[in-house]
Amino acid sequence: MTPLSHLSSSSKLVELQEQMAGTHLRDLFAADAGRFDKYTMEAAGLFLDYSKNLINDDVMAALVKIAEEAKLPEAIKSMFSGDKINYTEKRAVLHTALRNFDDNPVLVDGEDVMPKIRDTHKRMREITEQVHSGDWKGFTGKPVKHIVNIGIGGSYLGLKTAINALTPYHVEGLEHHYVANIDPNEICEVFKKIDPETTLFIVASKSFGTLETLQNAQAARSWMLEKGCAETDIRKHFVAISTNLKAIDQFGIAQENTLPLWDWVGGRYSLWSTIGLMTSLVVGFDNFERLLKGAGEMDKHFAEAPLEKNMPVILGMLGIWYQNYFGAESQAVISYDYFLRDLPSHLQQMDMESNGKRTRQDGSTVEYQTGAVIWGGTGTNDQHAYHQLIHQGTRLIPVDFIAPTTSHNPLGEQHPWLFANALAQSQAMMQGKTEEEVRAELIAAGKPAEEVDALAPHKVIPGNRPNNMIVPEKVTPEVAGALLAMYEQKVYVQGTLWQVNPFDQWGVELGKVLGNQVYDRLKAEGQTVDQDSSTNGLVNRFKQFNS
Ligand code: F6P
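Anyway, here's the lowdown on the structure attached to this text. Because the structure is predicted, anything quoted here is derived from the model rather than measured.

Comments concerning the site of the ligand
Then comes step 1: What surrounds the ligand is a group of 14 residues, the closest being Ser155, Ser205, Ser207, Thr210 and Glu353.
Then comes step 2: Within the side chain of Ser155, one N or O atom sits 2.6 Å away from an oxygen atom of the ligand.
Then comes step 3: A distance of 2.6 Å separates an oxygen atom of the ligand from a polar side-chain atom of Ser207.
Then comes step 4: Look at the ligand: alone it shows 390 Å² of surface, and the protein chains cover 86% of it.
Then comes step 5: Taken together, the residues of the shell around the ligand break down into 2 nonpolar, 8 polar and 4 charged.

What follows is the structure, encoded as structure tokens:
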């Protein structure tokens, strides 16, 4: 257990944790018939039931107190006011402006950024309509049938999550593909599926300096030329998005096919920006706008609701309660909706790249745990995989279940069964199965006494596993936007409490630098001897098979 010792109100939470550790969720429910009414709320189309958490009114009040002491309300204000809260890079953090449809100006260094944003919306709509209408033509005059997003990290995960979440809204006749990894297997598999005459590549890179994306874009360009596209027609097949318009130009993508991005949009928060062009192409700009509006609704709620009724705050503080006061190490997110299957991968980057930090603004090292390990998947598949560990394993793993009440595909009884399973998992984690219940069941099944004794301990399920149920009606564009924004703001809440900067990512740089060094050695003549023995040995082994 690593409490947030820098905050004096933390001691109350330590005390309350000791009390709650001796309480079972079953008993909390038995003692209070109004628990569901007390610990549920609704915002921006998301209904949240957080009653199955190890909380009572004292805990919730203490969590709010610690958030106040950490100046969370001020931090929320700072974010929306365009303050340079990304202090290590001296940048504002304004992905919220991208989904702001109010008429108020949003200032960065005294300049209103809203007109720039509106211009990009216009341009995104135009490109989308040109592609959909067939007016955008390839080098042989054929309309676009395949779009390929070349991008990685935030230039891939968020938009893919949104696109799959909105599967029922996909336009017909366009196939979408993604190339992220530098592994040549990935792009070669995409090449097999696409047709050079009808393919539009979108090179999405905030920096336009990312190795994977540049290598893949180069490979796509060479492939187009090999397939008969003239140099002068390449512009018909490439659109690029970046803050670095000069680098796009050097790469050879026509200026009229570029879309800008700004340094006040973090990479992992960029699905709302021009990086969302792929989303707009797949679902149409109107639906992309609905996604933005849903996210904007969640922002409004986050900015205006009091802490105790604020969904991202409640979820963020509950995460802190388990990570820092109960010693939990991970957080599972399990969606009972096939269309949300990419959510855990997106949240892994968004949450872990944001809060996987150890240094405070003043340079001191934190003495408590920060960023949880995020993982998850989709129900019911996961019930047949890792739920066993959640139910009977030794670790405390808080779970967010996401379960829409209504399916886009109401086929027979399948959706009620799906929803029943989500509720049942949530209930099983809460109540478990006591030894008394297990024994009674075995006896009723006619088992002899010694078998009852032998089996009972294996069949006991402790329960008392905290979990949230997030229940939208249906995953519409607005709901998907609200859900993604809710998790972003939850991450900000936690970063504020942990006193880390959720908006930089210096930790990933070392691997990139060493990657260049190792690559040089793989390509150099002779044996490598100047690195550590493991790197030398493995470089030389690679060379043995690639000389
Ligand atoms: O992995 C580091 C990172 O900088 C991420 O933060 C980012 O989303 C990703 O690389 C891709 O960056 P870019 O959009 O600049 O190509």
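Here's the deal with the environment of Thr370
Then comes step 1: Relative to the helices and strands, Thr370 resides in the loop between α14 (343-355) and β11 (373-378).
Then comes step 2: The spatial distance from the C-alpha of Thr370 to the C-alpha of Gly356 is 6.5 Å, given a sequence separation of 14 residues.
Then comes step 3: Beyond its immediate chain neighbours, meaning those up to four positions away, Thr370 contacts Asn355, Lys357, Trp498 and Val500.
Then comes step 4: There is a polar contact of 3.3 Å between the side chain of Thr370 and the backbone oxygen of Asn355.

Digging into the sheet that holds strand β6 (residues 175-179)
Then comes step 1: With parallel pairing, the 5 strands of this open sheet are ordered in space as β6-β5-β7-β8-β9. Of all strands in the sheet, those bounded by a partner on one side alone are β6 and β9 (258-260). Neighbouring strand axes in the sheet, compared pairwise and without regard to direction, differ in orientation by 20° on average.
Then comes step 2: As paired strands, strand β5 (residues 146-150) and β6 are joined by 5 bridges and run parallel to one another. Looking at the pairing, Asn149 lines up with Tyr178 of β6.
Then comes step 3: Packed onto the sheet, helix α7 (residues 157-165) meets β5 and β6 and runs at close to 155° relative to β6.

Things to note about the nonpolar core
The tendency in soluble globular proteins is for nonpolar side chains to be buried as a group.
Then comes step 1: Residues Trp264, Trp321 and Tyr487 are the most contacted members of the largest nonpolar core, which totals 123 residues.
Then comes step 2: Residue contributions to this core peak at 13 residues, all from helix α19 (residues 477-498).
Then comes step 3: A domain-level breakdown of this core finds at least three residues from each of domain 1 (4-69 + 305-498) and domain 2 (107-289).
Then comes step 4: Setting aside anything within four residues of it in sequence, one finds Tyr487 in contact with Val333, Leu343, Leu347, Met350, Asp400, Ile402 and Ile470.

Notes on helix α4 (residues 57-69)
Then comes step 1: In this model, α4 (13 residues) spans 18 Å end to end at C-alpha, consistent with the 18 Å of a helix rising 1.5 Å per residue.
Then comes step 2: All of the buried residues along α4 are Val59, Met60, Ala62, Leu63, Val64, Ile66 and Ala67.
Then comes step 3: Against the buried residues of α4 lie α1 (10-21), α5 (72-80), α13 (311-325) and α19.

Description of the pairing of strand β12 (residues 399-402)
Then comes step 1: Across the two faces of β12 the burial is the same, with Val399 and Phe401 and Asp400 and Ile402 all buried.
Then comes step 2: As paired elements, β12 and strand β13 (residues 467-472) share 4 bridges and run parallel to each other. Residue pairing across strands places Val399 opposite Asn467, the latter belonging to β13.

Observations regarding the sheet that holds strand β1 (residues 40-43)
Then comes step 1: With mixed pairing, the 6 strands of this open sheet are ordered in space as β1-β2-β13-β12-β10-β11. Whereas interior strands pair on both sides, the edge strands pair on one side only; in this sheet they are β1 and β11. The sheet shows a mean angle of 20° between the axes of neighbouring strands, taken without regard to direction.
Then comes step 2: Direction of pairing for strand β10 (residues 330-335) relative to β11: parallel, over a ladder of 6 bridges. Bridge pairing links Val333 to Gly376 in β11.

Cut-offs applied
Residues numbered from 1 in each chain as written. Predicted model: local features only at pLDDT ≥ 70, side-chain atom pairs only at ≥ 80, totals over all residues. Heavy atoms only, no water. Near = heavy atom within 4 Å. Polar contact = N/O pair within 3.5 Å; in protein donor to acceptor, adjacent residues only side chain to side chain. Areas by Shrake-Rupley, 256 points an atom, 1.4 Å probe, with all protein chains shown as cover. Nonpolar A, V, L, I, M, F, W, Y, C, P; charged D, E, K, R; others polar. Helix = DSSP H or I, 4+ residues; strand = E, 2+ residues; numbered from the N terminus. Contact = heavy atoms within 4.5 Å. Pairing = 2+ DSSP bridges. Axes fitted to C-alpha atoms, helices over the stretch in contact; angles between N-to-C directions. Core = buried A, V, L, I, M, F, W, Y, C linked by side-chain atoms within 4.5 Å. Buried < 20%, exposed > 50% of the residue type's maximum accessible area, 1.4 Å probe, protein only. Domains from an automatic or database assignment. Expected span 1.5 Å × (residues − 1).

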